[in-house]
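# Survey of secondary and tertiary structure
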Amino acid sequence: MNLEVLVEERSAEQALRVLLPRIVPDASFEVCVFPGKVDLLKRLPGLLTAAAAPGSRCADVLNRIAVEELEAWFFGDVSALYAAYPRVPASLGQRAKYRRADAILGGTWEALEHVLQEHGYHPGGLAKVAVDTKIAKHMNVDVNCSRSFQVFRDGIRRLVAGGSSVAKS
């Protein structure tokens, strides 16, 4: 099976290039990057119509729209965050603010930037692609506690296995 994943930014592409082989080791994939959310949403109806057309090479479509940023997935695996940035406390996920990765207030990207800068990393601002790729390399896709990551991971696995792609959130 060949997966086509649509994303709105280069950092998501780079992180998924690291994560997808761990989620579905036997699947090939392409990650298509759009220049922002507005462009992706504008082109999405046409892409979905083309995928559903008779004779299309697409047989199944799995829709997952991540409302929060990719960084919520990183807060869902604090061990990966700690492995990539050892001065970040391994106990970070026990703090009330970070306990529920998908419910972090004020934006997960901003929260990640704050945490990293608070511990002496990236004082001039985050290089998002490099940071996201670095953390993704340490993620354990089977223990991540971010609900949005779990829904994405499980949906991709069901799709590749040929099962139902409907996930309950």
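Here the structure is shown first, and the text comes after it.
The text that follows walks through the structure, step by step, so that each part is easy to find. Keep in mind it's a predicted model, so treat the numbers as computed, not measured. By convention here, each chain's residues receive numbers from 1 onward along its written sequence. Predicted model: local features are reported for residues with pLDDT of at least 70 only, side-chain atom pairs are reported and counted for 80 or more only, and whole-chain, interface and lining totals are derived from all residues. As a rule here, side-chain values come from all non-hydrogen atoms in the structure, and water together with hydrogens is ignored.

## Some thoughts on the packing of aromatic side chains
Ring pairs shown here join Phe, Tyr and Trp side chains whose ring centres sit within 6.5 Å, with only the six-membered ring taken for Trp; geometry is labelled stacked below 30 degrees between planes, edge-to-face above 60, and tilted in between. In this structure the tally under the stated criterion is four aromatic pairs. Through a chain of ring-to-ring contacts, three or more aromatic side chains come together here, namely Trp73, Phe149 and Phe152. Whether a charge sits over a ring comes down to the Lys NZ or Arg CZ being within 6 Å of the ring centre and within 35 degrees of the ring normal. Over the ring of Tyr121 we find Arg87, and its NZ or CZ is 3.9 Å from the ring centre. Here Lys134 stacks its cationic end above the ring of Tyr85, 4.4 Å away from the centre of that ring.

## Some remarks on the pairing of strand 2 (residues 28-33)
A pair of strands is treated as paired once DSSP finds two or more bridges between them. Starting at the N terminus, helices and strands are each numbered in turn, a helix being any DSSP run of H or I of at least four residues and a strand any DSSP run of E of at least two. Where strand 1 (residues 2-7) lies against strand 2, six bridges are found, and the strand directions are parallel. Paired with Val5 across the two strands is Val31, which belongs to strand 2. A crossover gets the label right-handed when its path from the first strand over the helix to the second runs clockwise, viewed with the strands pointing away from the viewer. A crossover links strand 1 with its parallel partner strand 2, the connecting element being helix 1 (residues 10-23), and its sense is right-handed.

## Remarks on the nonpolar core
Generally speaking, nonpolar side chains in soluble globular proteins are found buried as a group. To qualify as a nonpolar core, a set must consist of buried Ala, Val, Leu, Ile, Met, Phe, Trp, Tyr and Cys residues joined through side-chain atoms within 4.5 Å. Partly exposed describes any residue whose relative accessible area lies between the buried limit of under 20% and the exposed limit of over 50%, with all areas from a 1.4 Å probe on protein chains only and scaled to the type maximum. Formed by 43 residues in total, the largest nonpolar core has its most connected members in Ile23, Phe75, Leu81, Tyr85, Leu112, Leu116 and Ile135. Every element with two or more residues in this core is listed here: strand 1, helix 1, helix 3 (71-75), helix 4 (78-84), helix 6 (108-118), helix 7 (128-136) and helix 8 (147-161). With seven residues, the top contributor of residues to this core is helix 1. Non-local contacts of Ile23, meaning those with residues more than four positions away in its chain, are made with Val141, Phe149, Phe152, Arg153, Ile156 and Arg157. Contacts: residue pairs with any heavy atoms within 4.5 Å of one another.

## Some details on the pattern of salt bridges
Any Lys or Arg side-chain nitrogen located within 4 Å of an Asp or Glu carboxyl oxygen qualifies as a salt bridge. Tallying each qualifying case throughout the model produces seven salt bridges. The partner of Glu9 in a salt bridge is Lys128, with the nearest N and O atoms 3.3 Å apart. Of this pair, Glu9 sits in the loop between strand 1 and helix 1 while Lys128 is found in helix 7, placing the two residues 119 residues apart along the sequence. One salt bridge in this structure joins Asp39 and Arg43, with 4.0 Å as the shortest N-O distance. Separated by four residues within a single helix, Asp39 and Arg43 lie in helix 2 (residues 37-52), roughly one turn from each other. By relative accessible area, which is 16% here, Asp39 ends up buried. Among the residues examined, Arg43 registers a relative accessible area of 43% and is labelled partly exposed. One salt-bridge network, held together by shared partners, links Glu9, Glu71 and Lys128.

## Topic: helix 1
A helix is expected to span 1.5 Å for every residue after the first. Given a rise of 1.5 Å per residue, 14 residues ought to cover 20 Å, and the 20 Å separating the end C-alpha atoms of helix 1 matches this to within 8%. Fitting one axis to the seven residues ending at a residue and another to the seven starting there, the bend at that residue is the angle between the two axes. Roughly 35° is the biggest bend found in helix 1, and it falls at Arg17, with proline Pro21 one to four residues downstream. Turning to helix 1, its buried residues number three or more, namely Ser11, Ala12, Glu13, Ala15, Leu16, Val18, Leu19, Leu20 and Ile23. Looking at the packing, one finds that the buried side of helix 1 touches strand 1, strand 2, helix 3, helix 7 and helix 8.

## Some points on helix 6
Helical geometry: 3.6 residues make up each α-helical turn, so side chains three or four residues apart lie on a common side. Among the residues of helix 6, those classed as buried are Thr108, Ala111, Leu112, Glu113, Val115 and Leu116. Where helix 6 is buried, its residues touch helix 3, helix 4, helix 5 (96-99) and helix 7. Downstream of helix 6 by one or two residues, Gly120 has phi in the positive range, about 90°.

Purely geometric stuff here, so don't read any function into it on its own.
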